Amino acid sequence: MHRSAPRLSRILACAAVPVMLVVAGCSSDSGDKKESGSSESSESSASPSASKKAEPTVEPAKFAALPDPCKSITKKTVTSLVPSAKSKNGTAAKSSDITSRAGCSWNGLDDNGVKGSQYRWLDVGFTRFESDQALGSGAKRAQQDFAKQVDKAKATEGAKKVVEAPAAGIGDQASTIAYDLSKTGEDFKYVTVVTRTENVVITLTYNGAGYAGAKTPSAGDIMKGAEKAAKEAVAAVAAGTDSGDKSGSATPDEKATDKAGDPKSSDGKTDDDKSDDTKKSTDKKKTSAHKSTVKTAG
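Please read all numbers here as calculations on a predicted model, not as lab measurements.

> Sorry if this is basic, but what is going on with unusual backbone geometry here?
For residues besides glycine, phi is generally negative; the peptide bonds are generally trans as well. Of note, the phi angle at Thr184 is positive, near 50°, even though the residue is not glycine. When you line up the elements, Thr184 lands in the loop between β5 (173-183) and β6 (186-197). The class for Thr184 is exposed, based on a relative accessible area of 61%. Phi is positive for Glu198, which is not a glycine, with a value near 55°. With respect to the secondary-structure elements, Glu198 resides in the loop between β6 and β7 (200-211).

Right, dumping it as structure tokens:
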């Protein structure tokens, strides 16, 4: 009876060991699953923000407006290229939005009597492109339009001896398209200059012909005149509104306003300077008069 008691205790102790191991195993398993579930949940919640990418932004358009097309070519150049222009101020093209599309033209017949007459025609057009998230930057869109305008000029109906060539020193990129064209019974020499400056495309055309026996102008003279006018048109865009830099050089109109509002006269003195001079002169006269009075009284 006394021997069986210790034996029973040993059996119960051995039987309890597997039970504890099983319980411990279950507890460990449960913890792993919780940790695994927590990790998966964390990764799942983090994945949307990690996979989401910021949308790329397009570069803002440099020029926010266009110059007055009829003032983009100086009157001196207009007089030189179109000697007998009907209107030195030009004729503005119709446009529903002059901040995006504008143009102006000049034409005239220089009558030299029995020596014949010379006809000249000058036209300039501006197209401005805004930056668009879906379409691209203003400069990129202008590049695309530049190529279209070059192709359009080369495809002019009735054009002969068409020659395209790149032009250096006119905007960011430029091409000249020279060709001959017969109309009104005369042979015309044409040159179209297509140029781009940032987000603005300029298309300028200059042509001429001789009437009543006058000689046809040379292709070289027409080319030279067209390029000169195109450079002035590019400069006019740069002098206008620049959305990227508000501290640029003043436009001709601004310079005129500044000059009109400048208090300095031709002698370089301001109104304040003149006021000081007047005051000094008055004081000097008073002092002289005072000395004279004192001397008389003495």
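> Explain the environment of Val234 to me, please; I cannot follow it from the model alone.
The topology assignment puts Val234 in helix α4 (residues 219-239). In the structure, Val234 is positioned 32 residues away from Ile202 in sequence and 7.6 Å away in space, judged by C-alpha atoms. Those residues in contact with Val234, other than ones at most four positions away along the chain, are Ile170, Gly171, Thr195, Thr197 and Ile202.

> What should I look at first to understand the pairing of strand β4 (residues 160-166) in this one?
Along a regular strand, successive side chains alternate from one face of the sheet to the other. Direction of pairing for β4 relative to β5: antiparallel, over a ladder of five bridges. Bridged to Pro166 within β5 is Ser175. What sits between the antiparallel neighbours β4 and β5 is a turn of six residues, in which Gly169 has the positive phi angle 80°.

> What exactly am I supposed to notice about the side chain of Ser175 here?
Looking at the secondary structure, you find Ser175 in strand β5. Ser175 sits in the buried class, given a relative accessible area of 8%. Excluding its chain neighbours within four sequence positions, the residues that come into contact with Ser175 are Phe146, Val150, Glu164, Ala165, Pro166, Ala167, Thr192, Val193 and Val194.

> Sorry if this is basic, but what is going on with helix α3 (residues 138-154) here?
Every α-helix carries 3.6 residues per turn, so stepping three or four residues along brings you back to the same face. Taking 1.5 Å of rise per residue, the 17 residues of α3 would be expected to cover 24 Å, and the 24 Å separating its terminal C-alpha atoms lies within 8% of that figure. Burial in α3 covers these residues: Gly138, Ala142, Asp145, Phe146, Val150 and Ala153. Projected down its long axis, α3 carries its buried residues within an arc of 145°, all on one side. Packed against the buried residues of α3 are β4, β5, β6 and β7.

> For this particular structure, what's the right way to read the nonpolar core?
For soluble globular proteins, nonpolar side chains are generally found buried alongside one another. By size, the foremost hydrophobic cluster in this structure holds 31 residues, and its most contacted members are Ile73, Trp106, Leu122, Val124, Phe126 and Ile202. Every element with two or more residues in this core is listed here: α2 (75-81), β2 (101-111), β3 (117-128), β5, β6, β7 and α4. Non-local contacts of Val124, meaning those with residues more than four positions away in its chain, are made with Pro69, Ser72, Ala102, Gly103, Cys104, Trp106, Ile202, Thr203, Leu204 and Ala233.

> Mind showing me how you'd approach the packing of aromatic side chains here?
Both the distance between ring centres and the angle between the ring planes are used here to describe each pair of aromatic rings. One pass over the structure, following the stated rule, counts five aromatic pairs. Residues Tyr119 and Phe188 carry aromatic rings whose centres are separated by 6.1 Å and whose planes lie at 75° to one another, so their mutual orientation is edge-to-face. One end of the pair, Tyr119, is in strand β3; the other, Phe188, is in strand β6, and 69 residues separate them in sequence. By relative accessible area, which is 2% here, Phe188 ends up buried. Counting every residue linked through ring pairs, the aromatic cluster contains Tyr119, Tyr179, Phe188, Tyr190 and Tyr211. Residue placement shows Lys62 over the ring face of Phe63; its charged tip is 5.7 Å from the ring centre.

> Explanation requested: the pairing of β3 in the structure shown.
Counting buried positions along β3 yields nine of 12 residues, so the element is predominantly enclosed. Sheet topology places β2 next to β3; 11 bridges connect them, and they run antiparallel. Across the sheet, Gly108 pairs through a bridge with Arg120, a residue of β3. Hairpin connection of β2 to β3: five residues between the antiparallel strands, including Gly113 at a positive phi of 65°. Pairing of β3 with β7, which is carried by 12 bridges, proceeds in the antiparallel orientation. Bridging across to β7, Leu122 finds its partner in Tyr206.

The rules behind each value
Residue numbers restart at each chain and count upward from 1, following the sequence in its written direction. Restriction of local features to residues with pLDDT of at least 70 applies here, the model being predicted, together with a cutoff of 80 or more for giving and counting side-chain atom pairs; totals for whole chains, interfaces and linings are based on all residues. Calculation of side-chain values draws on the structure's entire complement of heavy atoms; hydrogens and water are dropped beforehand. Runs of H or I in DSSP of at least four residues are treated as helices and runs of E of at least two as strands, each being numbered from the N terminus. Only protein chains enter the area calculation, which uses a 1.4 Å probe; residues under 20% of their type maximum are buried, those over 50% are exposed, and those in between are partly exposed. Pairs of residues are marked as contacts when any of their non-hydrogen atoms sit within 4.5 Å. Any two strands are treated as partners once DSSP identifies two or more bridges connecting them. In this scheme, a helix's expected span is set at 1.5 Å multiplied by one less than its residue total. What the arc covers is the set of directions going from the helix axis to the C-beta atoms. Buried residues of nine kinds, namely Ala, Val, Leu, Ile, Met, Phe, Trp, Tyr and Cys, make up a nonpolar core once their side-chain atoms join them within 4.5 Å. Centre distance within 6.5 Å is the pairing criterion for rings of Phe, Tyr and Trp, where only the six-membered ring of Trp is used; planes under 30 degrees apart are then read as stacked, over 60 as edge-to-face, and the remainder as tilted. We call a charge positioned over a ring when the NZ of a Lys or the CZ of an Arg lies within 6 Å of the ring centre and within 35 degrees of the ring normal.

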